[in-house]
Amino acid sequence: MSPTSRTRTSRTSRTSRTSVRAALLCVPAAILLALTPSAAFAYPDPGAVTGATVVHDPTMIRTSGGRYLLYATGGGLAYRTSTDRIAFSAGGDAFAARPGWWSSYGTTEAWAPDISYQGGQYLLYYAVSTFGSNKSAIGLATSSSGLPGSWTDRGTVYTSTTSSDYNAIDPNLFVDDDGKWWLSFGSWWTGIKMIRIDPSTGKQLSSDTARRAIAARPTGTKAVEAPYVVKRNGYYYLFASYDTCCAGVNSTYKVKVGRASAVTGPYYDRNGVAMTNNGGTPVLESHGRYIGPGGQSIMHDTCTDLIVYHYYDRNDNGRPKLGLNQLNWSSGWPVAF
């Protein structure tokens, strides 16, 4: 075979593999579930991803041009990008220069971003704090492109102090069908909270300053955090991370969910237990090499819902890595596969 023929064959092979991978991204859930062999564990392995996949608390969005933008905890908010949601590459941080007000919270790095596209611009909510402290703040930045270095700092949205009974980290913006904006947030202490947001500013609505409780663990451990709210089939679903994060292979993180008929709750798990009383139906838990899945966000891609999260790789010294799974809602509850 000539060098030209080998090159042509190689290109054809690569094109074929790419087409097959792209096609599988949108195969209906029921078919993929039927094709998946029985596993030794109750939870699925993450989908295959390559490249720059060491991340923590990932949030991801797909642009109108088909590019995936992912931001994550660390530095000025770490950035990854992909054209097929399989191969990821790294770029510059969201903030080339950290906003000066971050230092008031004892840090020069940001955590747990939440990206969305609203009203013709990208919004990035995020947290600044130090580990184990509830002297914390939720910040907001906006961008016309969503790319690193393009973000404009909009300052603080909500804060907590060491005398607060809540922790202002792990923000998630939810925009309801009626146009109302809601921000859920929280970690440990008295659990997950929710406030109304003014769409014109991205900050708390001055005419409604209530702080509502939507999930808590009043007995035993206080470990619930990282809320994410979506609406599917007439119900609101609250995803949250439970138990202990950030301990490598010793992490006990897991993702649970509850649902409600109103965005402010009450949210109940599949057994009818309130999420304000230790409730939550498991979605992802540790299995095999995949330890402590959590820090999750949910995104709707062109033809499927994805849960985007980190886990700690038992086979790689507990490094935090990107996890992606599709969600099947046919039972009325999200099932990862």
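In what follows, the accompanying structure is described. All figures in this text were calculated on a predicted structure; none of them were measured in a lab.

### Quick look at the overall build of the protein chain
Okay, so step 1: Scanning the protein chain for helices and strands turns up two helices and 22 strands.
Okay, so step 2: Here the protein chain holds 337 residues, and 54% of them are scored as buried.
Okay, so step 3: Look at the contacts in the protein chain between residues 6 or more apart in sequence, and 52% of them connect residues 24 or more apart.
Okay, so step 4: Of the roughly 14,400 Å² that the protein chain leaves accessible, carbon and sulfur atoms contribute 51%.

### A word on the sheet that holds strand S21 (residues 319-328)
Okay, so step 1: One open sheet holds the four strands; their spatial order is S19-S20-S21-S22, and the pairing between them is antiparallel. With partners counted over all chains shown, the strands left at the sheet margins are strand S19 (290-300) and strand S22 (335-336), one partner each.
Okay, so step 2: Two elements, S21 and S22, share two bridges in a ladder whose sense is antiparallel. Its bridge partner lying in S22, Leu327 is registered against Ala336.

### Side note on the sheet that holds strand S7 (residues 121-128)
Okay, so step 1: The four strands are arranged S6-S7-S8-S9 in an open sheet whose pairing can be described as antiparallel. Two strands lie at the open edges of the sheet, namely strand S6 (111-118) and strand S9 (152-160), each paired on one side alone. With direction set aside, neighbouring strand axes in the sheet form an average angle of 20°.
Okay, so step 2: Where S6 and S7 come together, six bridges link them in antiparallel fashion. By the bridge assignment for S7, Trp111 is matched with Ala127.

### Quick notes on the pattern of salt bridges
Okay, so step 1: A complete count under the given rule lists 14 salt bridges for this structure.
Okay, so step 2: Close ionic contact of Asp301 with Arg85 constitutes a salt bridge, the shortest N to O distance being 2.3 Å. Of the two residues, Asp301 sits in the loop between S19 and strand S20 (305-313) while Arg85 sits in the loop between strand S4 (78-82) and strand S5 (87-91), which places them 216 residues apart along the sequence.
Okay, so step 3: The exposure class assigned to Asp301 is buried, which follows from its relative accessible area of 3%.
Okay, so step 4: In this structure Arg85 comes out as buried when scored by relative accessible area, which is 5%.
Okay, so step 5: As a salt-bridge pair, Arg232 and Asp305 come within 2.7 Å of each other at their nearest N and O atoms. With Arg232 in strand S15 (residues 224-232) and Asp305 in strand S20, this residue pair connects regions lying 73 residues apart in the sequence.

### Some thoughts on the side chain of Asp198
Okay, so step 1: Within the element layout of this structure, Asp198 appears in strand S12 (residues 192-198).
Okay, so step 2: Although Asp198 is buried, it makes no salt bridge; Arg196 carries the closest opposite charge, 7.8 Å away.
Okay, so step 3: A distance of 2.8 Å separates a polar atom in the side chain of Asp198 from a polar atom in the side chain of Ser200.
Okay, so step 4: Sequence-distant contacts of Asp198, defined by excluding residues within four places in its chain, comprise Lys203, Gln204 and Leu205.

Criteria and cut-off values
Position numbers for residues count from 1 along each chain, tracking the sequence in the order it is written. Side-chain atom pairs in this predicted model are given and counted only at pLDDT of 80 or more, local residue features only at pLDDT of at least 70, and totals for whole chains, interfaces and linings cover all residues. Note that the side-chain values use all heavy atoms of the structure and ignore hydrogens as well as water. Secondary structure elements are taken from DSSP: a helix is a run of H or I of four residues or more, a strand is a run of E of two residues or more, and numbering for both begins at the N terminus. Relative accessibility thresholds used throughout: buried, under 20% of the residue-type maximum; exposed, over 50%; partly exposed, between the two (1.4 Å probe, protein chains only). In what follows, a contact means two residues having at least one pair of non-hydrogen atoms within 4.5 Å. Only the protein chains shown count as covering a residue, and every accessible area follows the Shrake-Rupley method with a 1.4 Å probe. A pair of strands is treated as paired once DSSP finds two or more bridges between them. In this analysis, axes come from line fits to C-alpha atoms, helices being fitted only over the stretch in contact, and the angle between any two N-to-C directions falls in the range 0 to 180 degrees. The term salt bridge refers to a side-chain nitrogen of Lys or Arg lying within 4 Å of a carboxyl oxygen of Asp or Glu. Here Asp and Glu are counted as negative and Lys and Arg as positive; His is not counted, and neither are the chain ends. Nitrogen and oxygen atoms within 3.5 Å of one another constitute a polar contact, given that in protein one can donate a hydrogen and the other can accept it, and given that sequence-neighbouring residues count only through two side-chain atoms.

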